[in-house]
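# Inside the fold
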Amino acid sequence: MDFGPFDQRGYRTVDVETGYAAWSTNYERTVQDEMDLRLLERAASVPWKQLERALDLACGTGRTGAWLKQAGVRHIDGVDRTEAMLALARGRQVYAELHRGDVRETGLRSGTYDLAIQVLADEHLPDLAPLYAEAARLTTRAGRFVLVGYHPLFLLMGIPTHFDDADGEPVAIESYVHLFRDHFRAARGAGWQLAELDEGVIDEAWLAKKPKWAKYRDRPVSFLMAWEKTVAAD
């Protein structure tokens, strides 16, 4: 669904590449581990240390890649649309290869990875089906797909993915609302079955870093879905 009818902020909105190029300068100081990495740490269904090859879709600054390396994944590649983000990811020196491209059509070889992962990017896609299909194509017969996203509840409350630019102006990045049913339909259509679902909630750990979010206490701000290939996909 288009985000426009739900928008309560009215921020100037830019496209993905423009937005993340500008945000790259302070992204690391803005996104807290409680948003995404904490969910990865809690993912009980994913045997991180047994995964040989992973592809980080929309790898951004490389936060996710650094976490995967620490978790024991041996070989990590990344894909992102924004060169400014890729430059920061290169500096982490955790990726074997980095590619500039579209996560829905990477051009990379089929059946290459044990894991495809995307963190905090799905809301920028108008349609989820191409993402799930590409993750299925890129992974092995026993491959997995882990997706961590900005919770649709906050989009439905009218709060887009946004950042403050160099002049302090809040800027929104083009976003779309995907309900969980949309994920299920796209995933099932691509041959995935759900292994695990988790949600990140605004709690004391979050409020210790962002006390202004107190009015959102106990509301889910992010989610994790861990997918496995179905028998039909084999």
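Above this note sits the structure.
Now for a quick tour of the structure. Everything numeric in this text was worked out from a predicted model, so none of it was measured. (Residues numbered from 1 in each chain as written. Predicted model: local features only at pLDDT ≥ 70, side-chain atom pairs only at ≥ 80, totals over all residues. Heavy atoms only, no water.)

### Examining a nonpolar patch on the surface
Among the surface-exposed residues, F184, L194 and L197 lie close enough to one another that they form a single nonpolar patch of about 220 Å² accessible area. Topologically, L194 is positioned in strand β9 (residues 192-201). For L194, a relative accessible area of 31% corresponds to the partly exposed category. (Patch = residues over 30% accessible without salt bridge, like charges linked within 9 Å, V, L, I, M, F, W, Y side chains within 5 Å. Areas by Shrake-Rupley, 256 points an atom, 1.4 Å probe, with all protein chains shown as cover. Salt bridge = Lys/Arg side-chain N within 4 Å of Asp/Glu carboxyl O. Helix = DSSP H or I, 4+ residues; strand = E, 2+ residues; numbered from the N terminus. Buried < 20%, exposed > 50% of the residue type's maximum accessible area, 1.4 Å probe, protein only.)

### A few points about the packing of aromatic side chains
Using the criterion set out here, one finds 15 aromatic pairs in the structure. Joined through ring pairs, the aromatic side chains of Y132, F145, F184, W192 and W227 make up one cluster. Of note, K229 hangs over the ring of W192, and the distance from its end group to the ring centre comes to 5.3 Å. (Phe/Tyr/Trp six-rings, centres within 6.5 Å; stacked < 30°, edge-to-face > 60°. Lys NZ or Arg CZ within 6 Å of the ring centre and 35° of its normal.)

### Comments concerning the pattern of salt bridges
A full pass over the atoms with the stated rule returns 19 salt bridges. Residues R12 and E169 are paired through a salt bridge, measuring 3.2 Å at the closest nitrogen-oxygen approach. Linking R12 in strand β1 (residues 12-14) with E169 in the loop between β7 (162-164) and β8 (170-173), this pair joins segments that are 157 residues apart in sequence. Ionic pairing is found between D182 and R181, a salt bridge with its closest N-O pair at 4.0 Å. When its relative accessible area of 23% is taken as the criterion, D182 is described as partly exposed. The structure contains a network of salt bridges with shared partners spanning E28, D33, D36, R63 and R92.

### Remarks on the sheet that holds β1
Strands pair in a sheet through their backbones, by hydrogen bonds, and they do so in one of two ways: parallel or antiparallel. Spatially, β1-β8-β7 is the arrangement adopted by the 3 strands of the open sheet, whose pairing is mixed. Each of the sheet's edge strands pairs with one partner strand only, and the pair in question is β1 and β7. Going from strand to strand, the sheet's axes swing by 35 degrees on average, the running direction of each strand aside. Examined bridge by bridge, β7 and β8 share 3 bridges and lie antiparallel to one another. Of the residues in β8, the one forming a bridge with F163 is V171. (Pairing = 2+ DSSP bridges. Axes fitted to C-alpha atoms, helices over the stretch in contact; angles between N-to-C directions.)

### A look at the pairing of strand β3 (residues 75-80)
For β3, the tally of buried residues reaches 5 of 6 residues, placing the bulk of the element in the interior. Bridge count between strand β2 (residues 53-57) and β3: 5 bridges; the pairing is parallel. Pairing of D56 across the sheet is with G78, part of β3. For the handedness criterion, the β-α-β arrangement of β2, helix α4 (residues 63-71) and β3 is classed as right-handed. Judged from the 4 bridges that link them, β3 and strand β4 (residues 97-100) form a sheet pairing that is parallel. The residue of β4 that forms the bridge with D80 is R100. Once the chain exits β3 it traverses helix α5 (residues 83-92) before rejoining the sheet at β4, and the crossover so formed is right-handed. (Right-handed = clockwise from strand over helix to strand, strands pointing away.)

### Considerations on the sheet that holds β9
Spatial ordering of the open sheet is given by β4-β3-β2-β5-β6-β10-β9, a layout of 7 strands whose pairing is mixed. Strands at the two margins of the open sheet, each flanked by one partner only, are β4 and β9. Recorded for the sheet is a direction-independent mean angle of 15 degrees between the axes of neighbouring strands. Of the strands in this sheet, β3 and β4 touch α5, which is tilted by about 175 degrees from β4. Taken strand by strand, helix α6 (residues 129-138) contacts β2, β5 (113-119), β6 (139-150), β9 and β10 (220-229), and its axis lies near 145 degrees from that of β6. (Contact = heavy atoms within 4.5 Å.)

Everything listed is a geometric property; what it means functionally is a separate question.
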